[in-house]
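Chain and residue survey
Next come the chains, spelled out residue by residue.
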Amino acid sequence: MKSLMLLFALALAGVAQAAGPDKVVYHFSAGLEQASDGLRNIRNHLEVDPKAKIVVVAHARGVDFLMKGAKDANGNRFQDIVENLKNEGGVQFDVCEITLRNRKLKKEQFILGVEFVPSGVVQITHLQQKEGYAYLKP
């Protein structure tokens, strides 16, 4: 019995190791201050876990930092921070198309490299339930 339990424990440990990098979805919905906090969290996350797979899903006022010309409270362009996270950390940025429709925004108003999804909340649900992403909201 003990050997069977040991074998089971070793099998579980192997599955955990084979699972690959951590996967996290960051949820932005509250504007530029939340974006500043969240982007700092992501930089810290990648500093400690550089192989983490991170997706940022933005909707409502959370899309504002991804618009051309958007700057943080210190005058830094969000575009530079986003490009760095995409290029060096492989972070994906998803923008909700329902938000675009409701706020009468156009895709051309957003920085290059963002992806558009039909619904931000549906995307978050899909990432959590079907792809095993952890959920964080800064």
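In this report, the structure presented in the accompanying data block is examined. (Residues numbered from 1 in each chain as written. Predicted model: local features only at pLDDT ≥ 70, side-chain atom pairs only at ≥ 80, totals over all residues. Heavy atoms only, no water.)

Another aspect to go through is the environment of Val 91. In this structure, Val 91 sits in the loop between helix H3 (78-89) and strand E3 (92-96). Assessed through its relative accessible area of 2%, Val 91 is described here as buried. When the C-alpha atoms of Val 91 and Ile 54 are compared, they prove to be 5.1 Å apart, with 37 residues separating the residues in sequence. Apart from the residues within four sequence positions on either side, Val 91 is in contact with Ile 42, Leu 46, Ile 54, Val 56, Leu 85 and Lys 86. (Helix = DSSP H or I, 4+ residues; strand = E, 2+ residues; numbered from the N terminus. Buried < 20%, exposed > 50% of the residue type's maximum accessible area, 1.4 Å probe, protein only. Contact = heavy atoms within 4.5 Å.)

The tally for this structure, following the rule as stated, stands at four aromatic pairs. With 5.3 Å between their ring centres and 50° between their planes, Phe 28 and Phe 65 make a pair best called tilted. Of this pair, Phe 28 sits in strand E1 (residues 23-28) while Phe 65 sits in the loop between strand E2 (53-58) and H3, and the two are 37 residues apart along the sequence. Using a relative accessible area of 0% as the deciding quantity, one classes Phe 28 as buried. Judged by centre distance (5.8 Å) and plane angle (75°), the rings of Phe 65 and Phe 78 are edge-to-face. Of this pair, Phe 65 sits in the loop between E2 and H3 while Phe 78 sits in helix H3, and the two are 13 residues apart along the sequence. There is no split in this pair, since Phe 65 and Phe 78 are both buried. (Phe/Tyr/Trp six-rings, centres within 6.5 Å; stacked < 30°, edge-to-face > 60°.)

On to helix H2 (residues 32-48), then. A rise of 1.5 Å per residue sets the reference length of H2, with its 17 residues, at 24 Å; its end C-alpha atoms lie 25 Å apart and thus fit the reference within 8%. Those residues of H2 that sit buried are Gln 34, Ala 35, Gly 38, Leu 39, Ile 42, His 45 and Leu 46. An end-on view of H2 places all buried positions within 130° of arc, on one side of the element. With respect to the buried face of H2, the exposed residues turned more than 90 degrees away are Glu 33, Glu 47 and Val 48. (Expected span 1.5 Å × (residues − 1). Arc of directions from axis to C-beta.)

Strands sit in the order E4-E3-E2-E1-E5 across an open sheet of five strands; the sheet is parallel. Here the strands that pair on one side only, and so sit at the sheet edges, are strand E4 (115-117) and strand E5 (134-136). Taken pair by pair, the neighbouring strands of this sheet meet at an average axis angle of 30°, ignoring direction. The strands touched by helix H5 (residues 120-129) within the sheet are E1, E2, E3, E4 and E5, with E2 carrying the most contacts at an inclination of about 155°. (Pairing = 2+ DSSP bridges. Axes fitted to C-alpha atoms, helices over the stretch in contact; angles between N-to-C directions.)

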